[in-house]
Amino acid sequence: VQLQASGGGLVQAGGSLSLSCAASGILGSSSTLGWYRQAPEKQRELVARVVGTGPGFTDYADSVQGRFTISRDNAKNTVILQMNNLKPEDTGLYFCWSLWRGHEDWGQGTLVTVSS
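Residues numbered from 1 in each chain as written. Predicted model: local features only at pLDDT ≥ 70, side-chain atom pairs only at ≥ 80, totals over all residues. Heavy atoms only, no water.

Caption draft 1: Quick look at the overall build of the protein chain. Counting its regular elements, the protein chain contains zero helices and eleven strands. The linear arrangement of helices and strands in the protein chain, starting from the amino end, is β-β-β-β-β-β-β-β-β-β-β. In terms of C-alpha radius of gyration, the protein chain reaches 13 Å, essentially the compact-globule figure of 13 Å for 116 residues. Once the C-alpha set of the protein chain is aligned to its principal axes, its extents read approximately 40 × 25 × 20 Å. Burial status across the protein chain gives 40% buried among its 116 residues. Expressed as a percentage of contacts within the protein chain between residues at least 6 apart in sequence, the contacts between residues at least 24 apart total 51%. (Helix = DSSP H or I, 4+ residues; strand = E, 2+ residues; numbered from the N terminus. Rg over C-alpha atoms; globule rule 2.2 N^0.38 Å. Buried < 20%, exposed > 50% of the residue type's maximum accessible area, 1.4 Å probe, protein only. Contact = heavy atoms within 4.5 Å.)

See the structure below:
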């Protein structure tokens, strides 16, 4: 599976951004799509994921719960991360990620910078 991410950019604290990731290839109904992020000098962490396609189970990092929303468009094989009330600590490189039948794929990172 190839993952093509778009979105990201620079925003002031309190603002919003949306990330989109288009998956090409076969992803079954039990597949997972999600987003990881990596801040400078920190380990990569899971931000949000949606498991399954109809409508799927969503899971969020505690730090983004209530501010970020992940959704999946099955017809377009796309996952979207809507990020609201952004904080400087949300700054990092965001990676689209898929998991299916034990195999992981990663998209290229897209940079999100939140200024205070």
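Having seen the model, we can carry on.
Caption draft 2: Structural view of the state of the cysteines. Overall, the coordinates contain one disulfide when judged by the stated rule. Covalent S-S linkage joins Cys 21 and Cys 96, the inter-sulfur distance amounting to 2.0 Å. Between Cys 21 and Cys 96, the S-S dihedral sits near -90°, and the bridge is therefore left-handed. You can see Cys 21 sitting in strand β3 (residues 17-24) and its partner Cys 96 sitting in strand β9 (residues 92-100), a full 75 residues away along the chain. (Disulfide = S-S within 2.5 Å.)

Caption draft 3: Fine view of the pairing of strand β7 (residues 68-73). Of the two faces of β7, only the one carrying Phe 68, Ile 70 and Arg 72 is buried; Thr 69, Ser 71 and Asp 73 on the other face are not. Relative to strand β8 (residues 78-83), β7 runs antiparallel, the two sharing six bridges. Following the sheet pairing, Asp 73 is matched in β8 by Thr 78. (Pairing = 2+ DSSP bridges.)

Caption draft 4: Examining the pattern of salt bridges more closely. Under the counting rule described, the total for this entry stands at four salt bridges. The closest approach of N and O atoms between Arg 37 and Glu 45, which form a salt bridge, is 2.7 Å. Where Arg 37 meets Asp 90, a salt bridge forms, and the shortest distance between an N and an O atom there is 2.9 Å. Taken as a pair, Arg 37 in strand β4 (residues 32-38) and Asp 90 in the loop between β8 and β9 lie far apart in primary sequence, 53 residues in all. According to the relative accessible area criterion, Arg 37 is buried, its value standing at 6%. Classification of Asp 90 by relative accessible area gives buried; the value is 0%. Connected via shared salt-bridge partners are Arg 37, Glu 45, Arg 67 and Asp 90. (Salt bridge = Lys/Arg side-chain N within 4 Å of Asp/Glu carboxyl O.)

These results come straight from atomic positions and should not be treated as a statement about function.
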